[in-house]
Amino acid sequence: VDRAAMITGTAIAPGDRVLGLPSSGLHTNGYSLARRIFFEHCGWDVTHQVDEHAATIGDVLLEPHRCYWPAIRLALQRKLPIRGIAHITGGGWYDNLARILPAAVDAVLQPAQTSVPPIFRLLEEHGNVDTAEMYRVFNMGIGMMWVVPPSGVANAVAIAGAAGVAAIDIGVITDGTGAVRLTGIDDTAAAAG
């Protein structure tokens, strides 16, 4: 990629919005913990049916990773001013978004704006995992985050939608110290983790 066209996060500024792009499941992170909870702690096998799903736990865990490239490609083609992109993998919401934040800003995210897929609620409940830790380990239904200026939100949502991804406005960039905070969640331990 041309160095001048790289999306590095350095242009992220207070007032920018954070959009969440839904995941299709666990994607590429948290499988060690999921296996320990479901197969060791619960004693399930891959054929175990769960009430929240029509499929087996094996099918749910092996749901293919959503590809975000069509949405990113369309955003680049239409010159959407994306100031930052975070792929929500290991490290969940906290670590992945923090990696692209400049040192003088924070991201304040609102998990209540999203719909958490049942697989994550099963992990939280059966593994007795703290909610903040869930957002530190898993994508919790958001597989990618885009940071855009406020004037670009509607266009970003439309572009992602045209690529088959329903983007959701889940937060704002504020003055800060490079931290990610989740409203409504006691994330003191997770943020320090």
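Above this text you will find the structure in question.
Now for a description of the structure that goes with this document. Computed from a predicted model, the values in this text were never measured in an experiment.

## Brief notes about the overall build of the protein
Phase 1: On a plain count of helices and strands, the protein comes out with eight helices and six strands.
Phase 2: Beginning at the N terminus, the succession of helices and strands in the protein can be written as β-α-α-α-β-α-β-α-α-β-α-β-β-α.
Phase 3: Taken against the 2.2 N^0.38 rule, which gives 16 Å for 193 residues, the C-alpha radius of gyration of the protein at 17 Å falls within 12% of a compact globule.
Phase 4: Taking all contacts inside the protein whose residues are at least 6 apart in sequence as the whole, residues at least 24 apart take part in 82%.
Phase 5: Per element, the accessible surface of the protein, about 9,200 Å² overall, is 53% carbon and sulfur.
Phase 6: Counting 13 positive and 18 negative side-chain charges, the protein places the centres of these two groups 12 Å from one another.

## Some details on the pattern of salt bridges
Any two side chains of opposite charge can pair, so long as their charged atoms come close to each other.
Phase 1: For the structure on display, the rule yields five salt bridges.
Phase 2: A salt bridge links Asp169 to Arg17; its shortest N-O distance comes to 3.0 Å. On the criterion of sequence distance, the pair formed by Asp169 in strand S5 (residues 168-175) and Arg17 in strand S1 (residues 17-22) is long-range, its members being 152 residues apart.
Phase 3: Its relative accessible area of 28% is what places Asp169 among the partly exposed residues.
Phase 4: Across the pair Arg136 and Asp95 runs a salt bridge, and its minimum N-O distance is 3.3 Å. One end of the pair, Arg136, is in helix H6 (residues 131-137); the other, Asp95, is in helix H4 (residues 92-98), with 41 residues separating them in the sequence.
Phase 5: Under the relative-accessibility criterion, Arg136 is labelled buried at 16%.

## Observations concerning the sheet that holds strand S2 (residues 84-87)
Phase 1: If you walk across this open sheet you meet the six strands as S2-S4-S1-S5-S3-S6, and the pairing is mixed. Strands at the two margins of the open sheet, each flanked by one partner only, are S2 and strand S6 (180-182). Along the sheet, successive strands turn relative to each other by an average axial angle of 25 degrees, direction set aside.

Here is what the cut-offs are and how they apply
Residues numbered from 1 in each chain as written. Predicted model: local features only at pLDDT ≥ 70, side-chain atom pairs only at ≥ 80, totals over all residues. Heavy atoms only, no water. Helix = DSSP H or I, 4+ residues; strand = E, 2+ residues; numbered from the N terminus. Rg over C-alpha atoms; globule rule 2.2 N^0.38 Å. Contact = heavy atoms within 4.5 Å. Areas by Shrake-Rupley, 256 points an atom, 1.4 Å probe, with all protein chains shown as cover. Lys, Arg positive; Asp, Glu negative; His and termini not counted. Charge placed at Lys NZ, Arg CZ, Asp CG, Glu CD. Salt bridge = Lys/Arg side-chain N within 4 Å of Asp/Glu carboxyl O. Buried < 20%, exposed > 50% of the residue type's maximum accessible area, 1.4 Å probe, protein only. Pairing = 2+ DSSP bridges. Axes fitted to C-alpha atoms, helices over the stretch in contact; angles between N-to-C directions.

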